[in-house]
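Understanding the architecture of this molecule
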Amino acid sequence: MTDLTLYSMPSSGNSYKVRLLLALLGQDYRHVPCETQSAELEQAKAEGHLPLGKLPALHLEDGTVLSESNAILWYLAAGSEWVPGDPLTQAQMLGWMFFEQNRHEPVVAVRASLNSYPHLKDQAVPQVMAELLENGHALLQLMEDHLQGRDWFAGQAPSLADIALYAYTHTAGTRGGFEMDRFPALNAWCARMAALPGYVGLFDHA
Ligand SMILES: N[C@@H](CCC(=O)N[C@@H](CS)C(=O)NCC(=O)O)C(=O)O
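Residues numbered from 1 in each chain as written. Predicted model: local features only at pLDDT ≥ 70, side-chain atom pairs only at ≥ 80, totals over all residues. Heavy atoms only, no water.

1. As for the packing of aromatic side chains
Across all of its chains, the model carries six aromatic pairs by this definition. With a centroid separation of 4.9 Å and 70° between ring planes, the pair formed by Trp96 and Phe153 is classed as edge-to-face. Remark: Phe153 occurs in the loop between α5 (126–146) and α6 (160–169) and Trp96 occurs in helix α4 (residues 87–116); sequence separation between them is 57 residues. What makes Phe153 buried here is its relative accessible area of 2%. (Phe/Tyr/Trp six-rings, centres within 6.5 Å; stacked < 30°, edge-to-face > 60°. Helix = DSSP H or I, 4+ residues; strand = E, 2+ residues; numbered from the N terminus. Buried < 20%, exposed > 50% of the residue type's maximum accessible area, 1.4 Å probe, protein only.)

2. So, the site of the ligand
Around the ligand, a shell composed of Met9, Ser12, Asn14, Leu41, Lys45, Lys54, Leu55, Pro56, Glu68, Ser69, Gln101 and Tyr168 is seen. Between the ligand and the protein, one listed contact pairs an oxygen atom with a backbone N or O atom of Leu55 at 2.7 Å. Contacts to the ligand include Ser69, whose side-chain N or O atom sits 2.6 Å from an oxygen atom. The class makeup of the residues in the shell around the ligand is five nonpolar, four polar and three charged. (Near = heavy atom within 4 Å. Polar contact = N/O pair within 3.5 Å; in protein donor to acceptor, adjacent residues only side chain to side chain. Nonpolar A, V, L, I, M, F, W, Y, C, P; charged D, E, K, R; others polar.)

3. Quick look at the domain arrangement of the protein chain
What the domain assignment lists for the protein chain is domain 1 (5–77) and domain 2 (87–194). Between domain 1 and domain 2, the C-alpha centre-to-centre distance is 21 Å. Listed per partner, the contact involves 19 residues of domain 1 and 18 residues of domain 2. Here domain 1 packs against domain 2, burying approximately 1,400 Å² in sum over the two surfaces, 65% of which is carbon and sulfur. Its largest share of buried area at the contact with domain 2, domain 1 owes to Lys17, Asn70 and Trp74, together 32% of the area lost on that side. There are one salt bridge connecting domain 1 and domain 2. Taking the shortest distance from any N to any O, the salt bridge between Lys17 and Glu100 comes out at 2.9 Å. (Domains from an automatic or database assignment. Contact = heavy atoms within 4.5 Å. Buried area = accessible area lost by both parts, 1.4 Å probe. Salt bridge = Lys/Arg side-chain N within 4 Å of Asp/Glu carboxyl O.)

4. Considerations on the pairing of strand β2 (residues 30–33)
Looking down a regular strand, the side chains alternate between one sheet face and the other. Where strand β1 (residues 5–8) and β2 come together, four bridges link them in parallel fashion. Following the sheet pairing, Leu6 is matched in β2 by His31. Crossover connection from β1 via helix α1 (residues 13–25) to parallel β2: handedness right-handed. (Pairing = 2+ DSSP bridges. Right-handed = clockwise from strand over helix to strand, strands pointing away.)

5. A short note on helix α3 (residues 69–77)
Every buried residue of α3 is accounted for by Ser69, Asn70, Ile72, Leu73, Leu76 and Ala77. Each buried residue of α3 lies within a common arc of 155° when the element is viewed along its axis, so the set occupies one face. Taken from the residues just after α3, Gly79 is the one with a positive phi, measuring 80°. (Arc of directions from axis to C-beta.)

6. Some words on the side chain of Asn70
Examined against the element boundaries, Asn70 turns out to sit in helix α3. What makes Asn70 buried here is its relative accessible area of 12%. Only 3.1 Å separates the side chain of Asn70 from the side chain of Lys17, close enough to count as a polar contact. Those residues in contact with Asn70 that lie beyond four places of it in its chain are Lys17, Met97, Glu100, Gln101 and Ala164.

Now the structure itself:
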């Protein structure tokens, strides 16, 4: 994997997951930033660089394009320490990655988007924001409960589950307005993630 091009949205957690894994793996890549509402994003769509119309999209050396953030993580991490070796822990990791896309992202990330992107302000009506807040707190509590007595989401070491869940959890307070003081185990886990060798933050990219 020497010639990788990543189309990613700088402010998006789904895109950040991939940038974070690439950094943790020490893997070089060409970055094409396409922020929301930007000419670059429209151009990437018009030129066919985003087959599913969404970011992130990873272009491989042979021209193959991979979509869906968690599928891209799976491809990049194959054979690395980021995928547990035994099938049970691997299935637990995948379970948290599906949870992230099916339940966490549609609530935690959506509230952050409504809160922080000016073009979505019209949708950020009080009832919607209140429901997302309540539902998000319940999801974060599930994660908090799971982390009692354990450092990582699946198995004894950090895995793709941690990267997938970290992307939108670490900004749930600052961008989403969630009350993160309620979740000490989650906050400690976020600190462990940020201390990993090679870690980059959401906006630490070319
Ligand atoms: N399930 C997809 C979600 C991708 C997605 O919704 N990307 C958004 C940014 S978070 C996007 O490309 N938005 C630009 C647009 O819809 O025009 C993934 O995990 O990759």
